[in-house]
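Descriptive structure summary
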Amino acid sequence: VTNTIDWADGPDGPAVVIVDQTLLPHSEELVRLGSVAELVAAIQRLAVRGAPALGVAGALGVALAARTSADPGADVAVLRAARPTAVNLARGVDRAAAKLAEGPDAVLAEALAVRDEDIACSTSMGRYGAELVTELLGPAPRLLTHCNAGALACVTGGTALGVVTTLHAAGRLGAVIASETRPLLQGARLTAWELQRAGVPFRLAVDGAGPFLMARGEVDAVILGADRICANGDVVNKVGSYAHALGAARAGIPFLVVAPESTVDMGTKSGADVEIEDRDGAEIVGSVAPAGTPTVNPAFDVTPHDLVTAIVTDRRVVRLDRGETLAGVALGEVRG
Ligand code: MRU
C-alpha cells in the first residue's frame, strides 16, 4: 500500500512523492515533486489535500527547501501560505523550520517524525472513534460522511473514514452514505474510491440530500473530519459540513468530528477568527453554468460548537454534548 505522501531521496535528488488526487478515481499515479514551487502548486491544485496530509506536505516541503534552496526562509513563507484554512499546514512547516539552524538532516528527521506521527494518529483515532460510535449507536450504525477524511487526506489510515474502516474491520458497521462534496467532489471521487477498495458497503448521495436522509431516519450519525478546531469547539471543515450539522441537530442524531490534535488550534478562539479559503469560481461554473456567471466559492464552512456532539482526536474524546470542553479534557494516550 502506497502512502498518500512520502519522502524519496534517489539518484534524481530529493523529492516529495504524492498520489496525484486530481487524477483519481480514474488513474492512480505517483508524482515526484523535486522543488518547493512544484509542491506548492500541487497543494494549491489539491493534488495533495486534507488537513493531516497538508501538515506532512508542509514539513517535507521544508526538508526539500533545506536540501535544494538558496533561500529556505523564503520557501518556508511560501509553503506556509499555500492554503490558509487547515492549521496543520502552517504547523507542519513550523515544526520542520525550527530545525533549519541544525542543518538539512535535522530538518528531514523532524519532517519524517511528522509523517510517522500522522500514521500513529490515524490508528489511534480509529480506536477512540470506533469505541465511541459503538457506545452511542450499537453494532450496526448507519453513518454519513462528507468530503474525504480517509487515507488520501492523511499519510495512510484516515480520520473520520479511518473510524469507518476500523468499524468495518471489526464487523461493527451498518452502512455508509458518502456525500459528493461539491464542487471538487472529494466524496464522489476519493471517498467512494477508498470505500470501494476497502469493500465497505456504501452509497453516494448529492450533498443536498444529507439533511433529508437524516430526517427520513436513514442515518444514525454524521461523522467527518476537520481542517481546524477552534478553542471553543467550533469546527471548520469542507463546505457543506454545516448543512449536515443542521440536519443532524434537527433529526436528533449525533454529529461527530474526528481529527488529530494537530488540527486543534487553541490559539484561535472561534470559527469567526479563521481565514476561510475562497477558491476560483471556475470550479463551480465549469462547463455547466453560462460562461461569465458570478460565483461565491468558500472552500470551507464553520459548524458552531453547539451543533457538535463530540470531538474525537488521537488522544481523547471530548463530549461537547455533555458540556465538556477542549480546555477541560486532559490528553490521554495515543493508542497503537
Ligand atoms: O479542500 P480539501 O480537500 O483539502 O478539504 C479537506 C477537508 O475538508 C477534510 O474534510 C479535512 O481536511 C479533514 S481530512 C482528514
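Up top is the structure.
Residues numbered from 1 in each chain as written. Predicted model: local features only at pLDDT ≥ 70, side-chain atom pairs only at ≥ 80, totals over all residues. Heavy atoms only, no water.

1. Description of the overall build of the chain
Helix and strand content of the chain: 10 helices and 14 strands. Its C-alpha atoms give the chain a radius of gyration of 19 Å, within 12% of the compact-globule value 20 Å for 336 residues. The principal-axis extent of the C-alpha atoms belonging to the chain is close to 60 × 55 × 40 Å. By residue count, 55% of the 336 residues in the chain fall in the buried class. Taking the contacts inside the chain whose residues are at least 6 apart along the sequence as the reference set, 72% of them involve residues at least 24 apart. Entry remark: accessible area of the chain is about 13,300 Å², with carbon and sulfur atoms responsible for 54%. Across the chain, the centroid of the 28 positively charged side chains sits 5 Å from that of the 39 negatively charged ones. (Helix = DSSP H or I, 4+ residues; strand = E, 2+ residues; numbered from the N terminus. Rg over C-alpha atoms; globule rule 2.2 N^0.38 Å. Buried < 20%, exposed > 50% of the residue type's maximum accessible area, 1.4 Å probe, protein only. Contact = heavy atoms within 4.5 Å. Areas by Shrake-Rupley, 256 points an atom, 1.4 Å probe, with all protein chains shown as cover. Lys, Arg positive; Asp, Glu negative; His and termini not counted. Charge placed at Lys NZ, Arg CZ, Asp CG, Glu CD.)

2. Examining the pattern of salt bridges
Taken as a whole and judged by the stated rule, the model has 20 salt bridges. Between R67 and D9 there is a salt bridge, and its shortest N-O distance comes to 3.0 Å. Taken as a pair, R67 in helix α2 (residues 51-68) and D9 in strand β1 (residues 5-10) lie far apart in primary sequence, 58 residues in all. Under the relative-accessibility criterion, D9 is labelled partly exposed at 46%. Residue E131 pairs with R335 through a salt bridge whose shortest N-O separation is 2.7 Å. (Salt bridge = Lys/Arg side-chain N within 4 Å of Asp/Glu carboxyl O.)

3. Structural notes on the side chain of T191
Positionally, T191 belongs in helix α7 (residues 186-198). One polar contact links the side chain of T191 to the main-chain carbonyl oxygen of C147, over a distance of 2.6 Å. Sequence-distant contacts of T191, that is, excluding residues within four places in its chain, are made with T145, C147, N148, L161, A178 and Q186. (Polar contact = N/O pair within 3.5 Å; in protein donor to acceptor, adjacent residues only side chain to side chain.)

4. Some points on the packing of aromatic side chains
On inspection of all chains with the given rule, the structure shows 0 aromatic pairs. Between R335 and the ring centre of Y128, over which it is positioned, the NZ or CZ distance is 4.6 Å. (Phe/Tyr/Trp six-rings, centres within 6.5 Å; stacked < 30°, edge-to-face > 60°. Lys NZ or Arg CZ within 6 Å of the ring centre and 35° of its normal.)

5. With respect to the sheet that holds strand β4 (residues 142-146)
The mixed open sheet is built from 7 strands, whose spatial order is β6-β5-β4-β7-β10-β13-β14. The sheet is open, and its two borders are formed by β6 (202-205) and β14 (317-318), each paired with just one other strand. Bridging between β4 and strand β5 (residues 175-179) involves 5 bridges; their strand directions are parallel. Considered in β5, the bridge of H146 is made with S179. (Pairing = 2+ DSSP bridges.)

6. Details of the sheet that holds strand β3 (residues 30-33)
Strands sit in the order β1-β2-β3 across an open sheet of 3 strands; the sheet is antiparallel. Pairing within the sheet leaves two strands with one partner each, and these edge strands are β1 and β3. Pairwise comparison of adjacent strand axes, ignoring direction, gives a mean angle of 30° for this sheet. Relative to β3, strand β2 (residues 13-19) runs antiparallel, the two sharing 4 bridges. Residue pairing across strands places V19 opposite L30, the latter belonging to β3. (Axes fitted to C-alpha atoms, helices over the stretch in contact; angles between N-to-C directions.)

7. Considerations on the environment of R216
Along the chain, R216 falls in the loop between α8 (210-215) and β7 (221-224). The class of R216 is partly exposed, set by a relative accessible area of 49%. Spatially, the C-alpha atoms of R216 and A251 are 8.5 Å apart, while their sequence positions differ by 35 residues. Among the polar contacts listed, one links the side chain of R216 to the side chain of E218, at a separation of 2.5 Å.

8. Some remarks on the packing of helix α3 (residues 72-80) against helix α4 (residues 87-97)
Interaxial distance between α3 and α4 falls to 9 Å at its minimum, and their mutual angle equals 160°. Relative to α4, the element α3 is oriented roughly antiparallel. The crossing of α3 and α4 is right-handed. Every residue of α4 that contacts α3 at V76, L79 and R80 is listed here: L89, A90, V93, D94 and A97. (Parallel < 35°, antiparallel > 145°, perpendicular 65-115°, else oblique. Left-handed = near helix turned anticlockwise from the far one by under 90°.)

9. What about the site of the ligand?
Near the ligand, the surroundings consist of 18 residues, among which R49, R83, D227, N237 and K238 are the closest. Contact distances for the ligand include 2.9 Å between an oxygen atom and a side-chain N or O atom of Q186. At 2.8 Å, a side-chain N or O of N237 approaches an oxygen atom of the ligand. In isolation the ligand offers 410 Å² of accessible surface; the protein chains occlude 100% of this area. Looking at the shell around the ligand, the elements that each hand over two or more residues are α2 and β9 (235-238). Counted by class, the shell around the ligand contains 8 nonpolar, 6 polar and 4 charged residues. (Near = heavy atom within 4 Å. Nonpolar A, V, L, I, M, F, W, Y, C, P; charged D, E, K, R; others polar.)

Interpretation in functional terms is not warranted from these geometric data alone.
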